[in-house]
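Below are the chains, spelled out letter by letter.
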Amino acid sequence: MKFFPTFVLLALASSCAFASDPSPLQDFCVAVNDPNSAVFVNGKFCKDPKLAMADDFFFTKFRYPGNTSNQLGSKVTTAFVDQFPGLNTLGIAMARLDFAPYGLNPPHIHPRGTEMLAVMEGTLRVGFVTSNQLNNTLFTKVLTKGDVFVFPQGLIHFQLNIGQTNALAFAFLSSQNPGLITIANSVFASNPPINVDVLTKAFQVDNKLINYLQEQNWFDNH
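Residues numbered from 1 in each chain as written. Predicted model: local features only at pLDDT ≥ 70, side-chain atom pairs only at ≥ 80, totals over all residues. Heavy atoms only, no water.

**Section: the overall build of the chain**
Along the chain, the regular secondary structure elements total four helices and 10 strands. Across the chain, helices and strands are ordered from the amino to the carboxyl terminus as α-β-β-β-β-β-β-β-β-β-β-α-α-α. Relative to the 2.2 N^0.38 estimate, which gives 17 Å for 222 residues, the radius of gyration of the chain is 22 Å and therefore markedly larger than a compact globule would have. On the principal axes, the C-alpha backbone points of the chain span a range of 75 × 50 × 40 Å. The buried share of the chain, reckoned over its 222 residues, is 33%. Look at the contacts in the chain between residues 6 or more apart in sequence, and 70% of them connect residues 24 or more apart. (Helix = DSSP H or I, 4+ residues; strand = E, 2+ residues; numbered from the N terminus. Rg over C-alpha atoms; globule rule 2.2 N^0.38 Å. Buried < 20%, exposed > 50% of the residue type's maximum accessible area, 1.4 Å probe, protein only. Contact = heavy atoms within 4.5 Å.)

Written out as structure tokens, the structure reads:
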């Protein structure tokens, strides 16, 4: 029986090593004590699998180019769980990215997913910026047809069409609901607005510039 204490310690260590909270699938999920008051779960409610059909796992919205006639010159068509319910619990999502010449998918983050981008047509300059811990280092490359680039989860990244023709790419993300935070929208178009004193100090500019930026019609290409 001398091995028993060792066995217990190994069992406890193993349980700790493999213990993990479930990944968040929404911006937040506030707990309630009364289950009858619960509306959301961390994910989606599931259809009875006996009632599932092929159409639940079928998505057609990537067939046609997105409309890039906007101030950014780009359009992102998402196949996240909200648009494609068959993805629920599968931990994967996808997006189609269309770019007019010199179109931009502006700096943004996916708080819950790593992104892998594959270029189908055109030439894109892409990049991501590391965290403060790694000195906000920019990693950037020019991609052409057939090239692939990965953007780590939660890091600011962008894609710019540097060619004179349209560009097309597909993104694959490691969450059914990776989320999206467009940096300029979040900072200058929050509702209600972030206090001007906060932004003037953060960006070291005067309040006239902040007021101007907050008054702009910020973009949404999704």
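The structure having been displayed, the exposition proceeds.
**Observations concerning the environment of Asp21**
Here Asp21 is to be found in the loop between α1 (3–18) and β1 (74–79). Asp21 sits in the exposed class, given a relative accessible area of 68%. A sequence separation of 102 residues divides Asp21 from Thr123, and the C-alpha atoms of the two residues are 40 Å apart.

**Here's the deal with the nonpolar core**
By size, the foremost hydrophobic cluster in this structure holds 26 residues, and its most contacted members are Leu97, Leu117, Leu124 and Val126. Contributions of two or more residues to this core are made by β1, β2 (93–99), β4 (115–121), β5 (124–129), β7 (148–151) and β9 (167–173). By residue number, the principal contributor to this core is β9, which donates six residues. When residues no more than four places from it in sequence are discounted, the contact partners of Val126 are Leu117, Phe139, Thr140, Lys141, Leu143, Phe149, Phe151, Phe158 and Gln159. By size, the runner-up hydrophobic cluster in this structure holds six residues, among which are Val187, Phe188, Leu199 and Ile210. (Core = buried A, V, L, I, M, F, W, Y, C linked by side-chain atoms within 4.5 Å.)

**Some remarks on unusual backbone geometry**
Peptide bonds are mostly trans, and most non-glycine residues show a negative phi. In this model, Asn191 is joined to Pro192 through a cis peptide bond whose omega is 0°. Topologically, Pro192 is positioned in the loop between α2 (183–188) and α3 (196–203). Positive phi is not limited to glycine here, since Thr89 has a value of about 75°. Relative to the helices and strands, Thr89 is located in the loop between β1 and β2. Looking at Thr89, the relative accessible area reads 60%, which means it is exposed. Even without glycine at this site, Asn136 takes up a positive phi of about 50°.

**Focus on the sheet that holds β5**
Picture the strands of a sheet paired through backbone hydrogen bonds; they go either parallel or antiparallel. Read from one edge to the other, the open sheet built from five strands follows the order β6-β5-β8-β3-β10, with strand pairing classed as antiparallel. Across the chains shown, the open sheet's two edge strands, defined by having one partner strand only, are β6 (138–143) and β10 (181–182). Pairing analysis gives three bridges linking strand β3 (residues 104–109) to strand β8 (residues 157–161), with the strands arranged antiparallel. The partner of Leu104 across the bridge, within β8, is Leu160. (Pairing = 2+ DSSP bridges.)

**Quick look at the UniProt feature "domain: Cupin type-1" (unreviewed entry) in the chain**
Per the UniProt annotation, the sites labelled "domain: Cupin type-1" (unreviewed entry) are residues 60–211. Annotation note: span residues 60–211, helix share 12%, strand share 37%, distance between end C-alpha atoms 42 Å. (UniProt positions renumbered as here; feature names shortened; annotations may be inferred.)

**Regarding the pairing of β7**
Alternating residues of β7 divide into Phe149 and Phe151, all buried, and Val148 and Val150, none buried. Bridge analysis of β4 against β7 gives four bridges, and the strand direction is antiparallel. When the bridges of β7 are listed, Glu115 appears paired with Phe151.

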